[in-house]
Amino acid sequence: MIFKIEDVTVYFPYDNIYPEQYEYMVELKRALDAKGHCLLEMPTGTGKTIALLSLITSYRLSRPDSPIKLVYCTRTVHEMEKTLGELKLLHDYQVRHLGTQAKILAIGLSSRKNLCVNTKVLAAENRDSVDAACRKRTASWVRALSTENPNVELCDYFENYEKAADNALLPPGVYTLEDLRAFGKNRGWCPYFLARHMVQFANVIVYSYQYLLDPKVAGIISKELQKESVVVFDEAHNIDNVCIEALSVSVRRVTLEGANRNLNKIRQEIDRFKATDAGRLRAEYNRLVEGLALRGDLSGSDQWLANPALPHDILKEAVPGNIRRAEHFVHVLRRLLQYLGVRLDTENVEKESPVSFVSSLNSQAGIEQKTLKFCYDRLQSLMLTLEITDTDEFLPIQTVCDFATLVGTYARGFSIIIEPYDERMPHIPDPILQLSCHDASLAIKPVFDRFQSVVITSGTLSPIDLYPRLLSFTPVVSRSFKMSMTRDCICPMVLTRGSDQLPVSTKFDMRSDPGVVRNYGKLLVEMVSIVPDGVVCFFVSYSYMDGIIATWNETGILKEIMQQKLVFIETQDVVETTLALDNYRRACDCGRGAVFFSVARGKVAEGIDFDRHYGRLVVMYGVPFQYTLSKILRARLEYLHDTFQIKEGDFLTFDALRQAAQCVGRVIRSKADYGMMIFADKRYSRHDKRSKLPGWILSHLRDAHLNLSTDMAIHIAREFLRKMAQPYDKAGTMGRKTLLTQEDLEKMAETGVQDMAY
């Protein structure tokens, strides 16, 4: 359908549109017109992605004189592929109606592991090894060497891509990762370098959060993007955690041992070069004297990760004299490793600020703050000079230089925490030194400053007023949308006690109570006997899930569950979990029914949908608070309290309930779908906890469902399932219209949006 929102003609590839999609587009357009940032919470399963893509691409078509670029950030490769699939459909529709003027170039960009087509490179087991195997075949010095020695192995795809030079271009169209690989194979060009090259020409780029938020990656991939870009962070409820991880580094014993081995190897290489090609080291020294940390003419295949500090914090001056010579720099790093080794030999937990850490490092090891700031760039320059391609082997020394650069650059918003062992396993010595970032606004600030509009959107952004404080920005639009429905297809319930009237909770003093474990088990036994197909259960942690399943197994509860449905369990191993999910789906498809045990904050809770018959009921056992004794969390809570005046309890509750909402939201993925959500913990009946759930869940949570026992929940579930089995009118009449046609939109445009009935 084609309709107008003010002066923009929107091309939408479906015959009907939901009222909330239309409202979402109106608010998004307001933000784009104001050239400002916005926060939009839209219920899951209401077509958020296609609404975003339709509005922004149509907005671009309506302003041909100032074309905007769309940078769409997703969390997983699966989400990236889904977004590009939607965009393909939209692009075909626009081209059908507008012809060639609507043609765009849209690409998905991922790591070499996901884009490479060279079978020998792909044989490496993890991402870092694939990157190193690629460098061994594409680095400029390796290619130069191959002219003298024909036995040096190169990558044919990269060679062909280089030969094509400026002609290596992608024709307009929408390219998923699979399409890029197929195109690369067909032309004989390297899809990874082709995609990287096309980033500057593409109208739409879909890639991972890290490509914008992690300075090491963003410095290489995203530095070319123009200011007139609209950046979208989809499923952005955890965006503050992503920002914090991007600037945090941890160093363990193994890291220091690996770094020592790396330094020995670097030392040998320096000696070898001194004997064979001393001029190269001298040239590097002269370059550093002139203040150029890196050669400006690096080819794409030689580029390594960029500086871990944010762009405006990097010093634009000459490298300090005491680390210009390669051997002097190695000595400085040796002293740094020695100092870190001594600090790790502690028996108590230590916490200090970067300033005091740097001053004690200076007094004990004689390394100044300015020297620390340049560690990363100096290491990178040295690795290029020594022509090292095994980047995966040099990760430990990279991590140490990462740490040094960040600790030398930032004084505020960070803490250094040294723990001699993991508190959950105090008998195993495992010292770890962590540079922990507490301020999420540091990593995202360059994105807000640089691009004209940043859209942060997700199904769970409640309470929405906390995000501007956490990320310290001022949104021009901040809205939470409700879900329009023709029938109440979600049924949330709060279960506070078992059928024996004993309260249930995962509070620390109650979680191992046999009565609570038994009641949790009985709830599931009763539910699997009346709920068809798939049931998903989320627990607060892996250790709690393991303990409760073991107890259920001993008491025979698990056996009772398995008489009704098969049981599958998420583990920390990705392959095992994928296999379990696959079999869970097969069991649901063939009518046997299944139960999936999963963990809040795990992989499944974040990215897997249990739509239709794969999820008719989801049970959230407990409130998924973070481990509150964690030293890093405590330090972050202190910082939030002192800097942003966010109370400790408020932040912990907000964080736990966004995770709970994320878990239960997996069950509804469209309006034709239906499902029940059970919050099994007495704490959810408290208003201060419950009110932080998203509005679209709260609007269906009746007062009568706030304090249920197991037998009452069973009765409500039976009634709900019976109601859902009746035929219903999808478009909605009777004053509750949930599918709007083009005529409805035209009428609304005349009378105003207020007429939309919910």
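Now for a look at the structure at hand. None of these values were measured; they are calculated from a predicted model.

Quick look at the environment of Gln-398 now. Within the secondary structure, Gln-398 sits in helix H20 (residues 395-409). Taking the C-alpha atoms as reference points, Gln-398 and Val-130, separated by 268 residues in sequence, lie 17 Å from one another.

Attention shifts here to the packing of helix H23 (residues 514-530) against helix H25 (residues 557-564). The geometry of H23 relative to H25 is characterised by a closest axis approach of 9 Å and an angle of 10° between their N-to-C directions. Classified by the angle between their axes, H23 and H25 sit roughly parallel to one another. The two elements H23 and H25 meet at a crossing, and its hand is left-handed. Where H23 abuts H25, its residues Arg-518, Gly-521, Lys-522, Leu-524, Val-525, Val-528 and Ser-529 lie against Ile-557, Glu-560, Ile-561 and Gln-564. Within the contact of H23 with H25, the residues separate by chemical class into five nonpolar, three polar and three charged.

It is worth spelling out the packing of aromatic side chains at this point. Inspection of every chain in the model, using the stated rule, returns 30 aromatic pairs. Between the aromatic rings of Phe-539 and Phe-597, the centroid separation amounts to 5.6 Å while the plane-to-plane angle is 75°, which identifies the pairing as edge-to-face. Here Phe-597 lies in strand E18 (residues 594-599) and Phe-539 lies in strand E16 (residues 534-539), a separation of 58 residues in the sequence. The exposure class of Phe-597 is buried, given its relative accessible area of 0%. Aromatic pair Tyr-584 and Phe-610: ring centres 5.7 Å apart, planes at 90°, arrangement edge-to-face. One end of the pair, Tyr-584, is in helix H26 (residues 574-589); the other, Phe-610, is in the loop between helix H27 (603-607) and strand E19 (617-621), with 26 residues separating them in the sequence. Taken as a pair, Tyr-584 and Phe-610 share a single burial class, namely buried. These aromatic residues form a ring-pair network of at least three members: Tyr-520, Phe-539, Tyr-544, Trp-552, Phe-597 and Tyr-621. The side chain of Arg-63 reaches across the aromatic face of Tyr-59, ending 4.4 Å from its centre. Positioned above the aromatic ring of Tyr-614, the side-chain terminus of Arg-585 is 5.2 Å from the ring centre.

Further remarks concern unusual backbone geometry. A cis amide bond links Ser-462 with the next residue in sequence, Pro-463, at an omega value of -15°. Structurally, the position occupied by Pro-463 is in the loop between strand E13 (453-458) and helix H22 (466-470). Phi is positive for Glu-6, which is not a glycine, with a value near 55°. With a phi close to 70°, Gln-501 is a non-glycine residue in the positive phi region. Looking at where Gln-501 falls in the secondary structure, it is placed in the loop between strand E15 (490-497) and H23.

Quick notes on the rules
- Residues numbered from 1 in each chain as written.
- Predicted model: local features only at pLDDT ≥ 70, side-chain atom pairs only at ≥ 80, totals over all residues.
- Heavy atoms only, no water.
- Helix = DSSP H or I, 4+ residues; strand = E, 2+ residues; numbered from the N terminus.
- Axes fitted to C-alpha atoms, helices over the stretch in contact; angles between N-to-C directions.
- Parallel < 35°, antiparallel > 145°, perpendicular 65-115°, else oblique.
- Left-handed = near helix turned anticlockwise from the far one by under 90°.
- Contact = heavy atoms within 4.5 Å.
- Nonpolar A, V, L, I, M, F, W, Y, C, P; charged D, E, K, R; others polar.
- Phe/Tyr/Trp six-rings, centres within 6.5 Å; stacked < 30°, edge-to-face > 60°.
- Buried < 20%, exposed > 50% of the residue type's maximum accessible area, 1.4 Å probe, protein only.
- Lys NZ or Arg CZ within 6 Å of the ring centre and 35° of its normal.

Keep in mind these numbers describe shape, not what the thing actually does.
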